[in-house]
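A look at the structure
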Amino acid sequence: MIEELLQRENLLQVISKFKDKNVIKVFTGIRRSGKSYLLKLFFSELKKSGIDENQLIYIDFEDFENQQYLDVNTLYEFIKTKNQEINKRLYLLFDEIQEVSNWEKLINSLFSSSSIDCDIYITGSNAKLLSSELSTYISGRYVQIPIFPLSYKEFLFFSKQEDSSKSFNDFMKVGGFPGLRTMYGDENSIRSYIDGIYSTVLLKDVIAKNKIRDTAILEKIILYLCDNLVNIFSAKRIAYFMKSNGRQLAIETVYNDLQFLQDALFCYKVPRYDIKGKKLLETMEKYYIADQGIRFRLLGYKDSAINGLLENIVFLELIRRGYHVSIGKIGEYEIDFIAEKEGKKEYYQVCYLLSSEDVKIREYRSLLQIKDNFPKTILSLDELPDSFEEGILRKNLRQWLLECLEKNV
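Residues numbered from 1 in each chain as written. Predicted model: local features only at pLDDT ≥ 70, side-chain atom pairs only at ≥ 80, totals over all residues. Heavy atoms only, no water.

Examining the overall build of the protein chain
Keep this limit in mind: In this text, helices come from DSSP runs of H or I with a minimum length of four residues, and strands from runs of E with a minimum of two, each type numbered from the N-terminal end. Here the radius of gyration uses the C-alpha set of atoms, whereas the globule reference equals 2.2 Å times the residue count to the power 0.38. A simple rule labels every residue: compare its accessible area, found with a 1.4 Å probe on the protein chains alone, to the largest value its type can have, and call it buried under 20%, exposed over 50%, or partly exposed in between. Working rule for contacts: check all heavy atoms of both residues, and any pair within 4.5 Å makes them a contact. Using the Shrake-Rupley algorithm and a 1.4 Å probe, accessible areas are obtained, with residue cover drawn only from the displayed protein chains. His is not counted, nor are the chain ends; Lys and Arg add positive charge and Asp and Glu add negative charge. Here the site of a charge means NZ on Lys, CZ on Arg, CG on Asp, or CD on Glu.
The secondary structure content of the protein chain amounts to 15 helices and 13 strands. Radius of gyration (C-alpha) of the protein chain: 23 Å, near the 22 Å computed for a compact globule of 409 residues. Counting only C-alpha atoms, the protein chain reaches 75 × 55 × 45 Å along its principal axes. Expressed as a percentage of its 409 residues, the buried residues of the protein chain come to 52%. Once local pairs closer than 6 in sequence are excluded, the contacts in the protein chain between residues at least 24 apart make up 68%. Put simply, the protein chain shows about 19500 Å² of open surface, and 48% of that area lies on carbon and sulfur atoms. Averaging the positions of the 57 positive and the 59 negative side-chain charges in the protein chain gives two centres separated by 3 Å.

Pasting the structure below:
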C-alpha cells in the first residue's frame, strides 16, 4: 500500500543534521512507531534535494519481494554492482536490518570500504541492535536516533485536530501510533490495529527471539505493568499473585521477561535516585510503556488510570526531548521525575487536577524538600493560567507538551 507521507519535521531536522556525516545513522523504536515512515520520508527529501534516484537504495527486509537480500552475500554483491554502475555516492536506507543474517559484518564492511562510497541509514526494532557486534566494530562511529510514537503536537497534526480537552482525551486514550491517523473515531479499527502491533511485538520480537515457552506468564507480567504505571514495580508481588493462582514463578523469570520486553522497546525501566544521597538505588524502580495505546488495547480506558496515563505521557515526552530520566526520592517524599540533560536538572510532579488544598499541599511539599536551584514544575490538567509560587511553576500539562516540543526542535 502506498502511503501519503505527512511531515514529522522535528525528526527530519535531526536526521538531516547527520546527512553525509561519517557516522552510521541508526533508528530504533518499537514496531510501527514510525521508523519505516521516516526512512521513506527521508528518501523523498533526498530526491527533492537533487540527488539522483539511482544513488538511493531503500530496502525493507520484511517485504517478501526483498527476501533474496536476506542473504548477506547477495546483498553485498547487489550494492557493489550498483556502486560500479553509478560511480557516485550511494545512500543506503535499510529497514529492519536485523532480519539479515550477519548484518553487522556487512555494515562494518560498507562503512570501512575504500571502494564503496556510501551514507548508511538503518532501522531496527530491538534495543540489542546497538549491543551487538556492530557497536564493537564501530564504537563511536554511529549515532542512535530513537523514534517514538507521535507526540501530542504530532498527534494533533496527523488527526487534523486543534488542541482541546477532547483532542487530548483522544490522545491519552488511544496513543500515538502514526498508522492510526485514518482511524480516529472508529474504536473497533483502532483496537484491531493496536492489537496487530501488540501481537507482532510479542510474537516476533519477544517470544520467538528469546524462545519463550510460557507465554501466559509473559502476558500476565505485561498486564501487571500496564495496570500499575504509577506504582513501584514488585517482582515479588507478581510471583505471589501467580502462586496464589496455582502457578510457581521464580523472581528471576520475571526479571528475564522484563528485560526481553525492554529489548523489544515495549517498555522502559526508570531507576530511582536518592537526591540526598546522590546515588541511584538498585531497587524500587518503575516501568513505563512505549505508548499508552497499548494499555487501551489490553485494559480499555478507566478514569482510575488517568494519573498513570499522564505520567506515562510526560515520561515519553521527556525522553523524546533527549533527557535522561529517573524517579526522585528525598527522605520520605517522592519526585515523579528528575530530568537531566547537559549537566542540568529539572524536577517534575504530575497530577490530574489540584482538586483540593490537600492535593496541592502534597504535590508542592515534595518539590519544596529540594534545596537546589534547578527548575521545579507541577504539571496538571487544571485550566488555569500559569502560576509561580515558592520557586515552583505550575503549568497546564497540555500546553507544556506543545511548548516543550517547540523549544527543542
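From this point, the narrative continues.
Quick look at helix H8 (residues 187-210)
Filter applied, for reference: The span expected for a helix works out to 1.5 Å for each residue beyond the first. We define the bend at any residue as the angle between the axes fitted to the seven residues before and including it, ending there, and the seven starting there.
Taking 1.5 Å of rise per residue, the 24 residues of H8 would be expected to cover 34 Å, and the 33 Å separating its terminal C-alpha atoms lies within 8% of that figure. Where H8 bends most, at Leu-203, the angle is about 30°. Residues Ile-190, Ile-194, Ile-197, Tyr-198, Val-201, Leu-202, Asp-205, Val-206 and Ile-207 constitute the buried set of H8. Those residues of H8 that are buried are in contact with helix H7 (165-174), helix H9 (215-227), helix H11 (251-263) and helix H12 (292-299).

Details of the sheet that holds strand S9 (residues 333-341)
Sheet strands pair via backbone hydrogen bonds, and the direction of the pair is either parallel or antiparallel. Rule in force here: One bridge is not enough; two strands pair if DSSP finds at least two bridges between them. For every element, the axis is a line fit to its C-alpha atoms; helices are fit only across the contacting stretch, and the angle between N-to-C directions ranges from 0 to 180 degrees.
Judged by pairing direction, the sheet is mixed, and its 8 strands sit side by side in the order S7-S6-S8-S9-S10-S11-S13-S12 without closing on themselves. Each of the sheet's edge strands pairs with one partner strand only, and the pair in question is strand S7 (279-289) and strand S12 (387-389). When strand polarity is set aside, the average angle formed by the axes of neighbouring strands in this sheet is 30°. Across 4 bridges, strand S10 (residues 344-350) lies against strand S11 (residues 376-380) in parallel orientation. Within S11, the position partnered with Tyr-347 by the bridge is Lys-376.

Some remarks on the packing of H7 against helix H13 (residues 306-320)
Our working definition: Put simply, angles under 35 degrees are roughly parallel, angles over 145 are roughly antiparallel, angles from 65 to 115 are roughly perpendicular, and the rest are oblique. Put simply, Ala, Val, Leu, Ile, Met, Phe, Trp, Tyr, Cys and Pro go in the nonpolar bin, Asp, Glu, Lys and Arg in the charged bin, and everything else, Gly too, in the polar bin.
Following both chains from N to C, one finds H7 and H13 inclined at 90°, their axes separated by 10 Å at the closest point. Relative to H13, the element H7 is oriented roughly perpendicular. Residues Phe-168, Phe-171 and Met-172 of H7 touch H13, and the partners they reach there are Ile-306, Leu-309, Leu-310 and Ile-313. Residue classes in the contact of H7 with H13 are distributed as 7 nonpolar, no polar and no charged.

What to know about the environment of Asp-95
Examined against the element boundaries, Asp-95 turns out to sit in strand S3 (residues 90-95). With a relative accessible area of 0%, Asp-95 lands in the buried category. For the pair Asp-95 and Ser-125, spaced 30 residues apart in the sequence, the C-alpha separation amounts to 9.7 Å. Setting aside residues up to four positions removed in sequence, Asp-95 forms contacts with Ser-36, Leu-39, Tyr-58, Ile-59, Asp-60, Phe-61 and Thr-123.

So, the nonpolar core
Filter applied, for reference: Side-chain atoms within 4.5 Å link the members of a nonpolar core, which is a set of buried Ala, Val, Leu, Ile, Met, Phe, Trp, Tyr and Cys residues.
Counting residues in each nonpolar core, the largest one holds 74 residues, and the members touching the most others are Phe-168 and Phe-266. In contact with Phe-266, not counting residues within four places along its chain, are Ile-30, Tyr-198, Val-201, Ile-222, Leu-261, Ile-289, Ala-290 and Ile-294. In terms of nonpolar packing, the next biggest core, distinct from the first, is built from 25 residues, Tyr-69, Ile-79, Cys-118 and Leu-129 among them.

Describing the pattern of salt bridges
Once their charged atoms are close, side chains differing in charge can pair, the charge on each being opposite to the other. Basically, it comes down to this: Whenever a carboxyl oxygen of Asp or Glu lies within 4 Å of a side-chain nitrogen of Lys or Arg, that contact is scored as a salt bridge.
Here the structure, examined in full by the defined rule, presents 29 salt bridges. With its nearest N and O atoms 2.8 Å apart, the salt bridge here joins Arg-31 to Glu-62. Residue Arg-31 is found in the loop between strand S1 (24-28) and helix H2 (35-48), and its partner Glu-62 is found in the loop between strand S2 (56-60) and helix H3 (72-86); the two are separated by 31 residues along the sequence. Relative accessible area serves as the criterion here: at 2%, Arg-31 is assigned to the buried category. Take Glu-62: its relative accessible area is 30%, and that puts it in the partly exposed class. The salt bridge partner of Glu-311 is Lys-286, with a shortest N-O separation of 3.5 Å. Taken together, the positions of Glu-311 in helix H13 and Lys-286 in strand S7 put the pair 25 residues apart, joining distant regions of the chain.

Here's the deal with unusual backbone geometry
Phi at Asn-87 is positive, roughly 55°, even though this residue is not glycine. Relative to the elements of secondary structure, Asn-87 occurs in the loop between H3 and S3. Residue Asn-87 is classed as exposed on the basis of its relative accessible area, which comes to 67%. Positive phi, close to 60°, is recorded for Glu-96, a residue that is not glycine. The residue Glu-96 is located in the loop between S3 and helix H4 (103-112) in this model.

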